Every structure is written in structure tokens, then in C-alpha cells.
Amino acid sequence: RHPDTSVFASVACRSMPSLRSSAMAKRQLRRSFALGALALVACYMLSNAFVAPSLGRADAGRIDSAVSMHAGGEYTVFVPDMQRRTLMNLVVVAATAVPTLVLLGAFAYYFY
């Protein structure tokens with residue numbers, strides 16, 4: 001046997017764990033990039049979820065109805081006070097947080 005061959009084999013065996021860790025690092029980087037891209041797409045979609053598309057002027061789609069043209073005076077419909085509004089906001093956040101956290105937890109458990 002040639003002495004250089006055994007040296008090369010020992011170096012190759014030592015470098016094998018670094019190759020595995022390098023592959024795992026690349027996989028983790030790809031995973032992180034995909035998760036970041038998914039988060040950006042989700043943020044964009046959520047920011048436009050309840051906004052009507054505007055294709056021209058801001059008031060181009062607005063048509064004045066006969067009721068709105070003859071309406072006058074104060075707005076007399078019941079508006080809840082700040083305590084009720086805060087309570088309603090907390091109920092909405094709590095009701096949506098439970099399934100959201102369950103789905104995010106399942107996602108994190110599966111991929112990490």
C-alpha cells in the first residue's frame with residue numbers, strides 16, 4: 001500500500017461529517033428561505049384581503065343613490081362605546097388565535 005492512499009482515506013472519512021452538516025445547513029437554509037417567502041406572500045395577501053381593487057379613479061365605482069342624496073342629519077345608528085369595542089376585538093382575536101396557533105404549531109412540529 002502506498003502511504004498517501006491511507007492519508008487520503010483518513011482525510012475523506014474525517015470530512016464526511018462536515019459534508020453531512022453542510023448538506024443539512026443547505027437544507028435548513030432552503031427551508032428558512034421557503035418559510036420566509038411563504039410569510040411574505042401571506043402578509044401581502046392579508047394586507048389586500050378586505051380592500052376593494054381600484055382600477056381607475058377612487059370614486060369611479062361610486063354611484064349616488066336617491067337615498068344618500070336626500071339623507072341628512074346626524075348618524076343615528078347605535079355605535080358601541082370603547083369598552084364594548086375593545087371586548088369585541090379581544091373576542092375576535094381570541095377566536096382566530098386558537099386555530100391559527102394550532103395550525104402553526106402543527107406546521108412547526110412537522111417541519112422542525
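Every chain is numbered on its own, with residues counted from 1 as its sequence reads. Given that the model is predicted, a residue must reach a pLDDT of at least 70 before its local features are reported, and side-chain atom pairs must reach 80 or more before they are shown or counted; all residues, however, enter totals for whole chains, interfaces and linings. Derived side-chain values reflect all non-hydrogen atoms in the structure, with water molecules and hydrogen atoms excluded from consideration.

**Observations concerning the overall build of the chain**
In plain terms, the rule: Counting from the N terminus, the helices are DSSP H or I runs at least four residues long and the strands are E runs at least two residues long.
Along its length, the chain carries three helices and zero strands. Across the chain, helices and strands are ordered from the amino to the carboxyl terminus as α-α-α.

**Some thoughts on the confidence of the model for the chain**
Note the cut-off: Every residue gets a pLDDT, meaning the predictor's confidence in that residue, from 0 to 100.
Confidence in the prediction of the chain, expressed as mean pLDDT, is 75, and 60% of residues score 70 or more. No element of the chain has a lower mean pLDDT than helix 2 (residues 66–70), which averages 57, and none a higher one than helix 3 (residues 82–111), which averages 92.

**So, the pattern of salt bridges**
In plain terms, the rule: The salt bridge criterion pairs a side-chain nitrogen of Lys or Arg with a carboxyl oxygen of Asp or Glu, the two atoms within 4 Å. Per-residue accessibility, obtained with a 1.4 Å probe over protein chains only, is compared with the maximum for each type, and a residue is labelled buried under 20%, exposed over 50%, and partly exposed between these values.
Tallied over the entire structure, the rule returns one salt bridge. With its nearest N and O atoms 3.9 Å apart, the salt bridge here joins Arg 84 to Asp 81. Using a relative accessible area of 41% as the deciding quantity, one classes Asp 81 as partly exposed.

**Structural notes on the packing of aromatic side chains**
The line we're drawing: Pairs were defined over the aromatic rings of Phe, Tyr and Trp, the Trp ring being its six-membered one, requiring ring centres within 6.5 Å. Orientation was assigned from the angle between planes: stacked under 30 degrees, edge-to-face over 60, tilted for the rest.
Summed over all chains, the structure comprises two aromatic pairs. For the ring pair Phe 107 and Phe 111, a centre distance of 4.6 Å and an interplane angle of 55° mean the geometry is tilted. With Phe 107 and Phe 111 both in helix 3 and four residues apart, this pair spans about one turn of that helix. You can call Phe 107 partly exposed: its relative accessible area is 30%. Their ring planes at 90° and their centres at 4.8 Å tell us that Tyr 110 and Phe 111 sit as a pair that is edge-to-face. By relative accessible area, Phe 111 is classed as partly exposed at 34%. Connected via pairs of aromatic rings, a cluster forms that spans Phe 107, Tyr 110 and Phe 111.

**Focus: a nonpolar patch on the surface**
Quick reminder of the rule: Residues qualify for a patch when their relative accessible area is over 30% and they have no salt bridge, like charges being joined within 9 Å and the nonpolar side chains of Val, Leu, Ile, Met, Phe, Trp and Tyr within 5 Å. To be clear on the numbers: accessible area is Shrake-Rupley with a 1.4 Å probe, and residue cover counts the displayed protein chains and nothing else.
There is a patch of nonpolar side chains on the surface, built from Leu 35, Leu 38, Phe 107, Tyr 110, Phe 111 and Tyr 112 and spanning about 620 Å² of accessible area. Looking at which element gives the most residues to the nonpolar patch, the answer is helix 3, with three residues.

**Let's talk about helix 3**
What counts here: Multiply 1.5 Å by the residue count of a helix minus one, and that product is the helix's expected span.
Its 30 residues place the ends of helix 3 42 Å apart at the C-alpha level, agreeing with the 44 Å of an ideal helix rising 1.5 Å per residue. Of all the 30 residues making up helix 3, zero are buried; the element is thus mostly uncovered.

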